[in-house]
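Tertiary structure, described
Listed here are the chains, written in short residue letters.
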Amino acid sequence: MTNLDFIYNRKSVRQFKDTPIPREHIIELLKAATHAPSPKHQQNWHFVVLENKEIINEMAEIVTKSHENIGSLAKDEKDFKRHMSVISYYTCFKEAPVVVLVYSCEYKMIEYKILEQNNAPKEVLDVLVSPQSAAQGIGAAVENFLLAATKMGYGTCYMTGPTHAKSEIEKLIGFEKEGYELMSMISLGVAQEDTPAQPPRRPLEEVVTFID
Ligand SMILES: Cc1cc2nc3c(=O)[nH]c(=O)nc-3n(C[C@H](O)[C@H](O)[C@H](O)COP(=O)(O)O)c2cc1C
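I will try to describe carefully the structure that is included in this document. (Residues numbered from 1 in each chain as written. Predicted model: local features only at pLDDT ≥ 70, side-chain atom pairs only at ≥ 80, totals over all residues. Heavy atoms only, no water.)

Some points on the site of the ligand
For the ligand, the set of nearby residues contains 15 residues, the closest of which are Ser12, Arg14, Tyr89, Gly161 and Arg201. Within the side chain of serine 12, one N or O atom sits 2.6 Å away from an oxygen atom of the ligand. Contact distances for the ligand include 2.6 Å between a nitrogen atom and a backbone N or O atom of tyrosine 89. Coverage of the ligand by the protein amounts to 68% of the 620 Å² it exposes when considered alone. Counting residues per element, the shell around the ligand draws most heavily on strand β3 (residues 155–159), which supplies three residues. (Near = heavy atom within 4 Å. Polar contact = N/O pair within 3.5 Å; in protein donor to acceptor, adjacent residues only side chain to side chain. Areas by Shrake-Rupley, 256 points an atom, 1.4 Å probe, with all protein chains shown as cover. Helix = DSSP H or I, 4+ residues; strand = E, 2+ residues; numbered from the N terminus.)

So this is what it looks like as structure tokens:
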């Protein structure tokens, strides 16, 4: 069988060594990301690389505050506790020497324009946008990055949790690109020893259907 170890060895890493990552390795990973497929090849992504530990730590503080603010709105203690119990999964990027913020812009669809100009009802237009093609393109790019990083011996974590603080994050880093929105981030670094294993997968029989 084909050797797919670089796929099976990938796992989410949330504890990193301080080891710096050479700029050329980061560039190689970004190049791999941009070789992902994208809807109509619109390549609707932009990557912002953070290597400054002070900024990364400040970003974690911002996300913590936003997380606590949301928690304070919980209607009961159970929801509050549940929400607060996952805070480390929203801020663990602070352990990484490099964090890549992944932005996306709208995926433009000619079919949407045509149907909209013909006063198509909202339900018809909703069907067109429901695949969220822009987000799917970002997912493909991020996965390319993660797999390439695994192959190069690095640990990564794909994160969308912290994006609830996207406007505050944007202010902190001072990055703006017309029409682009923060979709996810990737923590990157050399994994510490003995980080948790990849959790088990559902059996294929449960998630696959062959139709003969
Ligand atoms: C779209 C997406 C968003 C995710 N967001 C977070 C996150 O905010 N924080 C986190 O710690 N992990 C996050 N993860 C990682 C998942 O928790 C992880 O992939 C899952 O538990 C399976 O573990 P594995 O990656 O080790 O196989 C995210 C993964 C995906 C695909």
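Some words on the layout of surface pockets
The calculated volume of the largest pocket comes to roughly 310 Å³. Lining the largest pocket are 18 residues; nearest its centre among them are Glu106, Tyr107, Lys108, Met109 and Val129. Where the lining of the largest pocket is concerned, the elements lending two or more residues are β2 (98–105), α6 (110–117), α7 (122–129), α8 (133–151) and β4 (180–189). (1 Å grid on protein atoms, 1.4 Å probe; cavity = no way out; pocket = protein on both sides within 12 Å on 5 of 7 lines; lining within 4 Å. Points joined across faces, edges and corners; volume = space filled by probe spheres on them.)

What about the pattern of salt bridges?
Counted according to the given criterion, the structure contains six salt bridges. For the salt bridge of arginine 202 with glutamate 206, the shortest nitrogen-to-oxygen distance reads 3.7 Å. Residue classification places arginine 202 among the exposed residues on the basis of a relative accessible area of 59%. (Salt bridge = Lys/Arg side-chain N within 4 Å of Asp/Glu carboxyl O. Buried < 20%, exposed > 50% of the residue type's maximum accessible area, 1.4 Å probe, protein only.)

Looking at the packing of aromatic side chains
In the structure shown here, the tally under the stated rule is two aromatic pairs. A centroid spacing of 6.5 Å and a plane angle of 40 degrees characterise the contact between tryptophan 45 and phenylalanine 47, whose relative ring orientation is tilted. The same class applies to tryptophan 45 as to phenylalanine 47, namely buried. On the numbers, 4.9 Å between centres and 65 degrees between planes, the contact of tyrosine 103 with phenylalanine 175 is edge-to-face. Of the two residues, tyrosine 103 is situated in strand β2 and phenylalanine 175 in the loop between α9 (166–173) and β4; the sequence distance between them amounts to 72 residues. The same class applies to tyrosine 103 and to phenylalanine 175, which are both buried. In this structure, lysine 177 packs its charged tip against the face of tyrosine 180, placed 5.0 Å from the ring centre. (Phe/Tyr/Trp six-rings, centres within 6.5 Å; stacked < 30°, edge-to-face > 60°. Lys NZ or Arg CZ within 6 Å of the ring centre and 35° of its normal.)

Let's talk about the pairing of β3
Among the five residues of β3, four are classified as buried, and the element is accordingly described as predominantly covered. The pairing of β3 with β4 spans five bridges and is antiparallel. Within the sheet, the bridge partner assigned to threonine 156 lies in β4 and is leucine 188. (Pairing = 2+ DSSP bridges.)

Notes on the nonpolar core
Counting 21 residues, the largest nonpolar core has Phe47, Val100, Phe145, Ile186 and Leu188 as the members making the most contacts within it. Of all the secondary-structure elements, those providing two or more residues to this core are α2 (23–34), β1 (45–50), β2, α8 and β4. Per-element tally for this core: the top contributor is α8, with seven residues. In this view, phenylalanine 145 contacts Leu29, Leu30, Ala33, Val100, Thr156, Ile186 and Leu188; residues no more than four positions away in its chain are not counted. Core analysis: the next-biggest nonpolar cluster, separate from the first, contains 20 residues, Ala60, Ile62, Val63 and Ile173 among them. (Core = buried A, V, L, I, M, F, W, Y, C linked by side-chain atoms within 4.5 Å. Contact = heavy atoms within 4.5 Å.)

Points about unusual backbone geometry
If you check the backbone angles, asparagine 119 has positive phi at about 55 degrees while not being a glycine. Inspection of the secondary structure puts asparagine 119 in the loop between α6 and α7. Since its relative accessible area comes to 68%, asparagine 119 is described here as exposed. A positive phi angle, near 55 degrees, is found at aspartate 194, a position not held by glycine. Looking at the secondary structure, you find aspartate 194 in the loop between β4 and α10 (204–207).

Everything listed here is a matter of geometry and, on its own, says nothing about what the molecule does.
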